[in-house]
Amino acid sequence: MQIFINKNGQQFGPFEENKVLEMLQNRQLSPNDFGFRQGDGQWRKLTDIFPVHSINPSPPILPISISQTNKVKSNSGWRRFFGNILLRLGILILLAGVVGAGRGYYYSQPAQHYSCQMADKNLQKSEQSLKEYQAAKGTPLEVEKGLKAKKDIDDFGAYSNSCGQLVASFRLWLFVFILIGIIGFVGTVGGFVVRRVS
């Protein structure tokens, strides 16, 4: 229903009921202002038109002494200062974590290491030597081919162990820098929150 408003002797409107309630809640209108609902026939206080439970006035503003105001401002400055430091440190740590994790991921790939490449070559070489040894069994070349196959298998084992250790160490590096990045992210978010609260 449409309502006309009388505030301080001036008439406004018509307004929809939900708009009048919104103006009451925003304190644009007072509950003691008058309203005229079409069909009512008389002007009534807005508190009579709208029950008190539908008007949610803002809580009263408590008086603050001058000493409390100064205290709030000084705490606010320290929070903002601390928030800025936390934010900047968090961003730096986050960037260090991202860069370190990226490098750790790159170097944790076996194809990036000489020893891993040599292990692949020696695997093929040792497989070939074993085939030659199997073919040379019972011939005068058996001992020579057996020694060559043993050397190739030993070389493969050495390069393979070295490759495994390198990849494992860079995967550990990756994990550590992911943790550093998470710490940096938490610090950045904490800095935003502390600055926002102040």
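All values derive from a computational prediction rather than experimental measurement.

Comments concerning the overall build of the chain
Link 1 in the chain: When helices and strands are counted, the chain shows five helices and four strands.
Link 2 in the chain: Secondary structure of the chain in N-to-C order comes out as β-β-α-β-β-α-α-α-α.
Link 3 in the chain: The buried share of the chain, taken over its 198 residues, is 22%.
Link 4 in the chain: Counting only contacts in the chain whose residues sit at least 6 apart along the sequence, the fraction spanning at least 24 positions is 62%.
Link 5 in the chain: Of the roughly 13,900 Å² that the chain leaves accessible, carbon and sulfur atoms contribute 62%.

Examining the side chain of Ser115
Link 1 in the chain: When you line up the elements, Ser115 lands in helix 4 (residues 114-136).
Link 2 in the chain: The exposure class assigned to Ser115 is buried, which follows from its relative accessible area of 8%.
Link 3 in the chain: In terms of polar contacts, Ser115 uses its side chain to reach the side chain of Ser162, at 3.5 Å.
Link 4 in the chain: Ignoring anything within four residues of it in the chain, the contact list for Ser115 reads Tyr159, Ser162, Cys163 and Leu166.

Considerations on the state of the cysteines
Link 1 in the chain: A complete count under the given rule lists one disulfide for this structure.
Link 2 in the chain: Covalently, Cys116 is tied to Cys163 through a disulfide, its sulfur atoms 1.8 Å apart. Disulfide Cys116 to Cys163: torsion about the S-S bond roughly 95°, handedness right-handed. Of this pair, Cys116 sits in helix 4 while Cys163 sits in helix 5 (residues 142-197), placing them 47 residues apart in sequence.

Let's talk about the pairing of strand 1 (residues 2-7)
Link 1 in the chain: Here strand 1 pairs with strand 2 (residues 10-16) via five bridges, running antiparallel. What sits directly across from Gln2, in strand 2, is Glu16.
Link 2 in the chain: Turn length for the strand 1-strand 2 hairpin, with the two strands adjacent in sequence and antiparallel, is two residues, and the turn residue Asn8 shows positive phi of about 55°.

Brief notes about the confidence of the model for the chain
Link 1 in the chain: With 87% of its residues at a pLDDT of 70 or more, the chain shows a mean pLDDT of 82.
Link 2 in the chain: Segment residues 68-72 is flagged for pLDDT under 50; beyond a separation of four residues in sequence, or across chains, it makes two contacts in the model.

A short note on helix 1 (residues 17-25)
Because each turn of an α-helix spans 3.6 residues, side chains separated by three or four positions in sequence point in the same direction.
Link 1 in the chain: Within helix 1, burial applies to Val20, Met23 and Leu24. One face of helix 1 carries all of its buried residues, which in axial projection span an arc of 105°.
Link 2 in the chain: Next to the buried residues of helix 1 lie strand 1, strand 2 and helix 2 (46-49).
Link 3 in the chain: Positive phi shows up at Arg27, right after helix 1, with a value of about 65°.

Section: the sheet that holds strand 3 (residues 34-37)
Backbone-to-backbone hydrogen bonds pair the strands of a sheet. The strands run either parallel or antiparallel.
Link 1 in the chain: Here four strands make up an open sheet; going across it, the order is 2-1-3-4 and the pairing antiparallel. On the outer flanks of this sheet lie strand 2 and strand 4 (44-45), each paired with one strand and no other.
Link 2 in the chain: Running at roughly 120° to strand 2, helix 1 makes contact with strand 1, strand 2 and strand 3 of the sheet.

Observations concerning the packing of helix 4 against helix 5
Link 1 in the chain: Running from N to C, helix 4 and helix 5 point in directions that differ by 160°, and their axes come no closer than 8 Å. Relative to helix 5, the element helix 4 lies roughly antiparallel. Our pair here, helix 4 against helix 5, has a crossing hand that is left-handed.
Link 2 in the chain: Class assignment for the residues of the contact of helix 4 with helix 5 results in 15 nonpolar, seven polar and seven charged.

Overview of the nonpolar core
Link 1 in the chain: Formed by Ile3, Ile5, Val20, Met23, Leu24, Leu29, Leu46, Ile49 and Phe50, the largest nonpolar core amounts to nine residues.
Link 2 in the chain: Of all the secondary structure elements, the ones that give two or more residues to this core are strand 1, helix 1 and helix 2.
Link 3 in the chain: Ignoring any residue separated from it by four or fewer positions in sequence, one finds Leu46 in contact with Ile5, Val20, Leu24, Leu29, Ser30, Pro31, Asp33, Phe34 and Gly35.

Concerning the pattern of salt bridges
Link 1 in the chain: Counted under the stated rule, the structure contains seven salt bridges.
Link 2 in the chain: For the salt bridge of Glu17 with Arg37, the shortest nitrogen-to-oxygen distance reads 3.6 Å. Of this pair, Glu17 sits in helix 1 while Arg37 is found in strand 3, placing the two residues 20 residues apart along the sequence.
Link 3 in the chain: A relative accessible area of 27% means that Glu17 is categorised as partly exposed.
Link 4 in the chain: With its nearest N and O atoms 2.9 Å apart, the salt bridge here joins Asp155 to Lys151. You can see Asp155 and its partner Lys151 sitting in helix 5, four residues apart, about one turn around the helix.

What counts and what doesn't
Residues numbered from 1 in each chain as written. Predicted model: local features only at pLDDT ≥ 70, side-chain atom pairs only at ≥ 80, totals over all residues. Heavy atoms only, no water. Helix = DSSP H or I, 4+ residues; strand = E, 2+ residues; numbered from the N terminus. Buried < 20%, exposed > 50% of the residue type's maximum accessible area, 1.4 Å probe, protein only. Contact = heavy atoms within 4.5 Å. Areas by Shrake-Rupley, 256 points an atom, 1.4 Å probe, with all protein chains shown as cover. Polar contact = N/O pair within 3.5 Å; in protein donor to acceptor, adjacent residues only side chain to side chain. Disulfide = S-S within 2.5 Å. Pairing = 2+ DSSP bridges. pLDDT = per-residue confidence, 0-100. Arc of directions from axis to C-beta. Axes fitted to C-alpha atoms, helices over the stretch in contact; angles between N-to-C directions. Parallel < 35°, antiparallel > 145°, perpendicular 65-115°, else oblique. Left-handed = near helix turned anticlockwise from the far one by under 90°. Nonpolar A, V, L, I, M, F, W, Y, C, P; charged D, E, K, R; others polar. Core = buried A, V, L, I, M, F, W, Y, C linked by side-chain atoms within 4.5 Å. Salt bridge = Lys/Arg side-chain N within 4 Å of Asp/Glu carboxyl O.

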